[in-house]
Amino acid sequence: MISSSLRLARTSLLALTLAAGALAPALAQDAAAPAAEAPAAEAAAPVSPDTVVATVGGENITEADLGFAAEDLTAELQQMPPDQRKAFLLRVLIDMKVMAKAGQDAGMADTPLFQQRLAYLEDRALRRAYFADAIAKSVTEEAVRAEYDKFVAEFEPSEEIRASHILVASEDEAKAVKAELDGGADFATIAKEKSIDPGAANGGDLGFFGKGMMVAPFEEAAYALTEVGQVSEPVQSQFGWHVIRLEEKRQSEAPAFEQVAGQLQQQLLMSTFDETVARLMEGVEIEIPDAELKAAVDAQTETEAAAGEPAQP
């Protein structure tokens, strides 16, 4: 868990460069193909990064500035309606301009602390730019589709079953339900009448599921059924007492590309990031004077390596 958290934290800021979803629309085109029959809306004209959206004290605020602000304020933007985000970003930038001017007039730009902060911000901006150009651009739709093809080739089918159940509060009720079913009562009708499960309205049908998706007692009883239409004896779980009927069996299939494209894109982005950083680290000497801090950094690096991830100081 530590290694995964560290890895995610190290890539989270970089991933903001993909916040605009440059690849996502392309990945979604296949899923949206049927919509092509409808009249196509006119594509919005591309906006130049140099387009001026406001002028503050003679200084321009551009569309590019809005994009930079969006990278820093992703969490805040997610909490507001889309139609309010641009105005929010512009207000932030206006405040930034007037306060920056006040700080400049007060001589704050000449302090050693400000110069250190400026150097940090320059490094961060260059890191993002390098990530966007050297890493993110390589995560194309073609690259993601290649990962999908590999995923499909390595996919191992497993047994899935579709089952229905009737859930009641007590064992006696479950035994009474089983007796009715053994006497020829319709399973779906009894489920609608007596099951306390929220899915009772559709006859208790749970759809297909694989092993590990249901609570253990229920799963064991369901998978013990061998013939379609077979009904189990009452079985208890933390939810109550179940009577289960096997509806169908099948072998699982690899999910469609559209279902896993986003996950594959993120995995490819992170693996490319790992490989790039590992290559850049080759031959770089790193010194950490504080022995305790060095030990902590080394421990995190070893944890990542043990988890099968590239070692990254």
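Everything quoted here is computed from the prediction, not taken from an experiment.

Focus on the pattern of salt bridges
Counted under the stated rule, the structure contains 18 salt bridges. A salt bridge links arginine 162 to aspartate 205; its shortest N-O distance comes to 2.6 Å. Separated by 43 residues along the polypeptide, arginine 162 in strand 3 (residues 159-168) and aspartate 205 in strand 4 (residues 205-210) bring together distant segments of the chain. The shortest N-O distance in the salt bridge between lysine 178 and glutamate 233 comes to 3.7 Å. Remark: glutamate 233 occurs in the loop between helix 10 (216-224) and strand 5 (235-237) and lysine 178 occurs in helix 8 (residues 171-182); sequence separation between them is 55 residues. Exposure remark for lysine 178: the relative accessible area of 9% places this residue in the buried category.

Remarks on the sheet that holds strand 4
Through backbone hydrogen bonds, the strands of a sheet pair up, either in parallel or in antiparallel fashion. Taken in spatial order, the four strands line up as 4-3-6-5 in an open sheet, and their pairing is antiparallel. With partners counted over all chains shown, the strands left at the sheet margins are strand 4 and strand 5, one partner each. Each adjacent strand pair in this sheet contributes to an overall mean axis angle of 45°, direction not counted. Taken together, the 10 bridges between strand 3 and strand 6 (residues 240-251) define a ladder with antiparallel strand orientation. Pairing of isoleucine 166 across the sheet is with valine 243, part of strand 6. Taken strand by strand, helix 8 contacts strand 3 and strand 6, and its axis lies near 50° from that of strand 6. Along the sheet, helix 9 (residues 187-194) makes contact with strand 3 and strand 6, crossing strand 3 at roughly 50°.

Here's the deal with the nonpolar core
Buried together is how nonpolar side chains tend to be arranged in soluble globular proteins. Formed by 14 residues in total, the largest nonpolar core has its most connected members in Phe131 and Val144. A total of eight residues in this core trace back to one element, the largest contributor, which is helix 11 (residues 257-281). Membership of the second largest hydrophobic core comes to 11 residues, among which are Ala221, Ala222, Leu225 and Val235.

Re helix 9
Restricting attention to buried positions, one finds in helix 9 the residues Phe187, Ile190 and Ala191. For helix 9, the angular spread of buried residues about the axis comes to 105°, placing them on one side. Exposed residues pointing more than 90 degrees away from the buried face of helix 9 are listed as Lys192 and Glu193. Next to the buried residues of helix 9 lie strand 3, helix 8 and strand 6. Two to three positions downstream of the cap, the backbone nitrogen of alanine 188 sits 3.4 Å from a side-chain oxygen, assigning the N-cap of helix 9 to aspartate 186.

Overview of the packing of aromatic side chains
If you walk through the whole model with that rule in mind, you get six aromatic pairs. Where phenylalanine 151 meets phenylalanine 155, the ring centres are 6.0 Å apart and the plane angle is 65°; that geometry is what we call edge-to-face. Under the relative-accessibility criterion, phenylalanine 151 is labelled partly exposed at 30%. Counting every residue linked through ring pairs, the aromatic cluster contains Tyr148, Phe151, Phe155 and Phe257. The ring of phenylalanine 208 is capped by arginine 250, whose NZ or CZ atom sits 3.6 Å from the centre of that ring.

A closer look at a nonpolar patch on the surface
A surface patch of nonpolar side chains, about 270 Å² in accessible area, is lined by Ile94, Val98 and Met99. Here methionine 99 is to be found in helix 5 (residues 82-105).

Focus on the packing of helix 8 against helix 9
At a minimum axis distance of 10 Å, the contact between helix 8 and helix 9 shows a crossing angle of 155°. Judged by the inter-axis angle, helix 8 sits roughly antiparallel to helix 9. Relative to helix 9, helix 8 is oriented so that their crossing is right-handed. Residue-level inspection shows Val177, Glu180 and Leu181 of helix 8 in contact with helix 9, the latter providing Phe187, Ile190 and Lys194.

Brief notes about the confidence of the model for the protein
Looking at the protein as a whole, its pLDDT mean stands at 86, while 83% of the residues score no less than 70. Here residues 1-6 is a poorly scored stretch, pLDDT under 50, and it has seven contacts once near neighbours within four places are set aside; other chains count. Taken as a whole, residues 309-313 scores under 50 in pLDDT and shows 19 contacts with residues more than four places along the chain or in a different chain.

What counts, and where the lines are drawn
Position numbers for residues start from 1 in each chain and track the written sequence from start to end. Local features in a predicted model are, by the rule used here, given only for residues with pLDDT of at least 70; side-chain atom pairs are given and counted only at 80 or more, and totals for whole chains, interfaces and linings are based on all residues. Excluding hydrogens and water, the side-chain figures rest on all heavy atoms present in the structure. A pairing counts as a salt bridge when a side-chain nitrogen of Lys or Arg comes within 4 Å of a carboxyl oxygen of Asp or Glu. Counting from the N terminus, the helices are the DSSP runs of H or I reaching at least four residues and the strands are the DSSP runs of E reaching at least two. Relative accessibility decides the category of a residue: with a 1.4 Å probe and only protein chains considered, values under 20% of the type maximum give buried, values over 50% give exposed, and everything between is partly exposed. DSSP calls a pair of strands paired once it identifies at least 2 bridges connecting them. In this analysis an axis means a line fitted to C-alpha atoms, helices contributing only their contacting stretch, and an angle means the value between N-to-C directions, from 0 to 180 degrees. Contacts are assigned to residue pairs that have any heavy atoms within 4.5 Å of one another. Among the buried residues, those of types Ala, Val, Leu, Ile, Met, Phe, Trp, Tyr and Cys that are joined through side-chain atoms within 4.5 Å form a nonpolar core. By arc we mean the arc of the directions from the helix axis to the C-beta atoms, nothing more. Counted as a polar contact is a pair of N or O atoms within 3.5 Å, where, for protein atoms, one must be capable of donating a hydrogen and the other of accepting one, and residues adjacent in sequence contribute only when both atoms are in side chains. Here the aromatic set is Phe, Tyr and Trp, taking the six-membered ring for Trp, and pairing holds for ring centres within 6.5 Å; pairs whose planes are under 30 degrees apart are stacked, those over 60 apart are edge-to-face, and all others are tilted. For a Lys NZ or an Arg CZ to count as sitting over a ring, it must be within 6 Å of the ring centre and within 35 degrees of the ring normal. For patch detection, residues must exceed 30% relative accessible area and be free of salt bridges, and they are connected within 9 Å for like charges or within 5 Å for nonpolar side chains (Val, Leu, Ile, Met, Phe, Trp, Tyr). Accessible surface area values rest on a Shrake-Rupley calculation with a 1.4 Å probe, where residue burial reflects the displayed protein chains alone. Note on terminology: angles under 35 degrees are roughly parallel, angles over 145 are roughly antiparallel, angles of 65 to 115 are roughly perpendicular, and the others are oblique. Left-handed describes a crossing whose near helix is turned anticlockwise from the far helix through less than a right angle; right-handed describes the clockwise counterpart. A residue's pLDDT is the predictor's confidence in that residue, given on a scale from 0 to 100.

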